[in-house]
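Here is what each chain is made of, one letter per residue.
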Amino acid sequence: MAVIRQRRQNIASNIGVIRADTGATQSWAKVGELADTFIENSFNDLKRIAKEKGIETAQAASAADLRVIDPVTGDIKAFAIPDGFGTVAQQAYKEIVEARYLKQTETEFKNKASEIAVKVQFDSDSVGQFATEFGKYIDESAKNTSPRFAQAIENLGNSLLASNKMSLMQDKIIRDRDQQAKDIKLGVDEAVKDIAAIASSLNFNDVTQADIDELIQAQSQSIQNGVKSGLYSEKAGNSYIEDLKSAQYTGLAQRIISTIASDPLLKSNDVVQVNKVIRSRGVGLDKLPTKLQPLVNSFLSN
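Since this is a predicted model, take the numbers as computed values, not measurements. (Residues numbered from 1 in each chain as written. Predicted model: local features only at pLDDT ≥ 70, side-chain atom pairs only at ≥ 80, totals over all residues. Heavy atoms only, no water.)

Visitor: Residue-level account of the nonpolar core, with values.
Guide: Phe109, Phe130, Phe134 and Ile153 are the most contacted members of the largest nonpolar core, which has 18 residues in total. Of all the secondary structure elements, the ones that give two or more residues to this core are α2 (87-120), α3 (126-143) and α4 (147-200). Non-local contacts of Ile153, meaning those with residues more than four positions away in its chain, are made with Tyr101, Thr105, Phe109, Ile138, Ser141, Ala142 and Thr145. If you look at the next biggest cluster of nonpolar residues, it comprises 16 residues, including Ala181, Tyr232, Leu244 and Ala247. (Core = buried A, V, L, I, M, F, W, Y, C linked by side-chain atoms within 4.5 Å. Buried < 20%, exposed > 50% of the residue type's maximum accessible area, 1.4 Å probe, protein only. Helix = DSSP H or I, 4+ residues; strand = E, 2+ residues; numbered from the N terminus. Contact = heavy atoms within 4.5 Å.)

Shown next as structure tokens:
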């Protein structure tokens, strides 16, 4: 019987580990990623909701609770974290309520500073009085707050104290300068009246002229000091000096009229003649009554 031999066939193939189909594994990986994303998003949503809850609760806290001290904790009542709040909600609540507290404190400080400033603004020592009263308010506020905010309250108060003191000092300087300018103008106005009155006197003489010269010199010096100090312009200062000099003419003119009125030998027409001579700058002076010539000449000379 013939023997049938089995033939061995060689088929070319890759040498090594033959990998199984990975389609199912990749699908499960994607499912895992989706699950992770879902969990992360859910966690973020929960954090957002918790944060919003903390913010809403802090914003809803009454203004009164931001000022009331809890006798048990010794802290601001509104600072107490509501029950049931997690870490995220607690942090959001804490940040908002503390920001509200500091903002409300700043508003109250500004209102108090304004109140005191209005009260003392026209006092001679407005800056000193403001510093004393507002300083006491700062100290009291720092004592009546939570210890962890005491320094912040003091810093806020001191900042407002400094700025308001500066503002009051500037206002006082402006008022003082305005008053100085008014005092100089008042002095000029009084001097103008005095000069005109002296110059109009029928008993006018060298002594009274010296008085007028002294008045004009003193007031002119005061006016020039005002210009140098910037209390008013040089143009305004020159105008004041002109007013002083013009007062002599006003008084002298009144003296000429009084002289004519008091002398029966002089007539009202002499007033007309005097006016013509003055307008013509001396033409016809020698034709005026002898008694009037020195007066009119003095008018023309000044």
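Visitor: Could you give me a rundown of the pattern of salt bridges, with the residues and numbers involved?
Guide: A complete count under the given rule lists six salt bridges for this structure. Glu115 is the partner of Lys112 in a salt bridge, and the nearest nitrogen-oxygen pair spans 3.4 Å. With Lys112 and Glu115 both in helix α2, this residue pair falls three residues apart, about one helical turn. For Lys112, a relative accessible area of 25% gives the class partly exposed. (Salt bridge = Lys/Arg side-chain N within 4 Å of Asp/Glu carboxyl O.)

Visitor: I'd like a rundown of the packing of aromatic side chains, residues and numbers included.
Guide: In this description, an aromatic ring pair is defined by two values, namely the gap between the centres and the angle between the planes. Enumeration according to the criterion identifies five aromatic pairs in this entry. With a centroid separation of 6.0 Å and 80 degrees between ring planes, the pair formed by Phe109 and Phe134 is classed as edge-to-face. Placement of Phe109 in helix α2 and of Phe134 in helix α3 is noted, with a sequence separation of 25 residues between them. Classification of Phe109 as buried rests on a relative accessible area of 1%. Ring centres of Phe130 and Phe134 lie 5.4 Å apart, and the angle between their planes is 20 degrees; on these two criteria the pair is classed as stacked. Taken together, the positions of Phe130 and Phe134, both in helix α3 and four residues apart, correspond to about one turn of that helix. Looking at Phe134, the relative accessible area reads 0%, which means it is buried. Within the aromatic cluster, the residues linked to one another by ring pairs are Phe109, Phe130, Phe134 and Tyr137. The ring of Phe204 carries the charged tip of Arg255 above its face, separated from the ring centre by 4.0 Å. (Phe/Tyr/Trp six-rings, centres within 6.5 Å; stacked < 30°, edge-to-face > 60°. Lys NZ or Arg CZ within 6 Å of the ring centre and 35° of its normal.)

Visitor: Break down the packing of helix α7 (residues 268-279) against helix α8 (residues 293-301) for me, with residues and values.
Guide: In contact at an axis separation of 10 Å, α7 and α8 are set at 30 degrees when each is read in the N-to-C sense. In terms of orientation, α7 and α8 fall into the roughly parallel class. Handedness of the crossing formed by α7 with α8: right-handed. For the pair α7 and α8, contact is made by Val274, Val277 and Ile278 and by Val296, Phe299 and Leu300, respectively. Of the residues contributing to the contact of α7 with α8, the split by class is six nonpolar, no polar and no charged. (Axes fitted to C-alpha atoms, helices over the stretch in contact; angles between N-to-C directions. Parallel < 35°, antiparallel > 145°, perpendicular 65-115°, else oblique. Left-handed = near helix turned anticlockwise from the far one by under 90°. Nonpolar A, V, L, I, M, F, W, Y, C, P; charged D, E, K, R; others polar.)

Visitor: Tell me about the environment of Leu252, residues and numbers included.
Guide: Relative to the assigned elements, Leu252 resides in helix α6 (residues 234-262). Using a relative accessible area of 2% as the deciding quantity, one classes Leu252 as buried. Considering only alpha carbons, one finds Leu252 and Phe299, 47 residues apart in sequence, at a separation of 6.8 Å.

Visitor: Which residues make up the packing of α3 against α4, and what are the values?
Guide: As a packed pair, α3 and α4 sit with axes 10 Å apart at the nearest point and diverge in direction by 170 degrees. Judged by the inter-axis angle, α3 sits roughly antiparallel to α4. In this structure, α3 meets α4 at a crossing whose hand is right-handed. Of the residues in the contact of α3 with α4, the class split is twelve nonpolar, five polar and four charged.

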